[in-house]
Amino acid sequence: MTSMRIGMVGGGQMGEALIKGLTASGLSEAASITVAEPSAPRREYLEKTYQVSTTDSAVDLAGAAQIIILAVKPQIMEPVLQLYREHLGPEHLLISIAAGVTIAQMERGLGGSAMRIIRVMPNTPALVLAGASAMSGNKNASREDMALCGQIFSAVGTCVEVAESLLDAVTGLSGSGPGYVFTFLEALIDGGVLAGIPRPLAEQLALQTLYGSAKLALETGEPAAVLKGRVTSPGGTTIAGLQVMERDGLRGTVMAAVKAATDRSKELGK
């Protein structure tokens, strides 16, 4: 269990997911986590549910923690950095999960300090400890810092290190990806209903189909094309359905969606 004291700026869904993962994995004790959250009811909820400490003070959080995780929306990152800049120093490791906010922007927001900064792009399945995260650090972040950050985000799923130039694409793929998957899930359920299956049963079958397919791909490590080929018999039902997907451009639509989300992430960083 890490002896590092962790501070969380923002006690929303992703912040809560990290608290859950850190404590459930044994990586951190609840007593070593402090959450800065402006909402009093939310602070009370986090204290009662996870036995963490909470505060509404930047001074208190910076004094209580060595690792500061910025779990805030990108739109408020600038004022958050202005609030914390005078309370942070080289002894702190700063980790941001704000989509589109670059390391350079954070360095400017902190007054060009020598802060150790790591930028992470997680996704919402972290809420059930099944997230996919990618991280990139600035020149001040040591290999030990990167390893520690990887441990933190591996507690809520899986975490990989990439060049910062790839983080916008990661945002478009895995950051926004759950939205694409849920849209496909909704369509799969409606397709079952259209074919005559009662909705509750269609939901059960569609959910298990998506879960089982992802589990099969993860555990076998085989390419998606190979796994698809195994369920696609000549002249069979699957190829008939796939032909309609190809005709209506599903593959191209998904690729375009990832690209559009990537471009939007880049816009947020300007």
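Residues numbered from 1 in each chain as written. Predicted model: local features only at pLDDT ≥ 70, side-chain atom pairs only at ≥ 80, totals over all residues. Heavy atoms only, no water.

Draft legend 1. Focus on the overall build of the protein chain. For the protein chain, the count of helices and strands is twelve helices and eight strands. For the protein chain, the spread of C-alpha atoms along the principal axes amounts to about 65 × 40 × 30 Å. Counting across all 270 residues of the protein chain, residues that qualify as buried make up 40%. Excluding contacts between residues fewer than 6 apart, the proportion of contacts in the protein chain whose partners are at least 24 apart in sequence is 65%. Accessible surface for the protein chain amounts to roughly 14,200 Å². Of this, 60% is attributable to carbon and sulfur atoms. Positive and negative side-chain charges in the protein chain, numbering 22 and 25 respectively, have mean positions lying 5 Å apart. (Helix = DSSP H or I, 4+ residues; strand = E, 2+ residues; numbered from the N terminus. Buried < 20%, exposed > 50% of the residue type's maximum accessible area, 1.4 Å probe, protein only. Contact = heavy atoms within 4.5 Å. Areas by Shrake-Rupley, 256 points an atom, 1.4 Å probe, with all protein chains shown as cover. Lys, Arg positive; Asp, Glu negative; His and termini not counted. Charge placed at Lys NZ, Arg CZ, Asp CG, Glu CD.)

Draft legend 2. Expanded view of the sheet that holds strand β2 (residues 33-36). One open sheet accounts for eight strands, arranged β3-β2-β1-β4-β5-β6-β7-β8; its pairing is mixed. Two strands bound the open sheet, and with one partner strand each, they are β3 (53-55) and β8 (157-161). Neighbour-to-neighbour, the strand axes of this sheet turn through a mean angle of 25°, independent of strand direction. Pairing analysis gives four bridges linking strand β1 (residues 6-9) to strand β4 (residues 67-70), with the strands arranged parallel. Across the sheet, residue Met-8 finds its bridge partner in β4, namely Ile-69. Packed onto the sheet, helix α6 (residues 143-154) meets β4, β5 (93-96), β6 (116-121), β7 (131-137) and β8 and runs at close to 155° relative to β8. (Pairing = 2+ DSSP bridges. Axes fitted to C-alpha atoms, helices over the stretch in contact; angles between N-to-C directions.)

Draft legend 3. Up close: the pattern of salt bridges. Applying the stated criterion to the full structure yields 13 salt bridges. Two residues, Glu-44 and Lys-48, come together in a salt bridge whose shortest N-O distance is 3.0 Å. Of the two residues, Glu-44 and Lys-48 both sit in helix α2 (residues 40-50), four residues apart, roughly one turn of that helix. Accessibility expressed as a relative area gives 42% for Glu-44, which makes it partly exposed. A salt bridge links Glu-267 to Arg-264, with the shortest nitrogen-to-oxygen separation between them at 3.0 Å. Of this pair, Glu-267 and Arg-264 both sit in helix α12 (residues 250-268), three residues apart, roughly one helical turn. By sharing partners, the salt bridges in this structure join Arg-119, Glu-164 and Asp-168 into a single network. (Salt bridge = Lys/Arg side-chain N within 4 Å of Asp/Glu carboxyl O.)

Draft legend 4. Looking closely at the environment of Ile-19. Summarising the element assignment, Ile-19 is placed in helix α1 (residues 13-24). On the basis of relative accessible area, Ile-19 is assigned to the buried category, the value being 0%. Separated by 13 residues in sequence, Ile-19 and Ile-6 place their C-alpha atoms 9.7 Å apart. Residues within four places of Ile-19 in sequence aside, it is in contact with Met-8, Ile-33, Val-35, Leu-46, Tyr-50 and Val-52.

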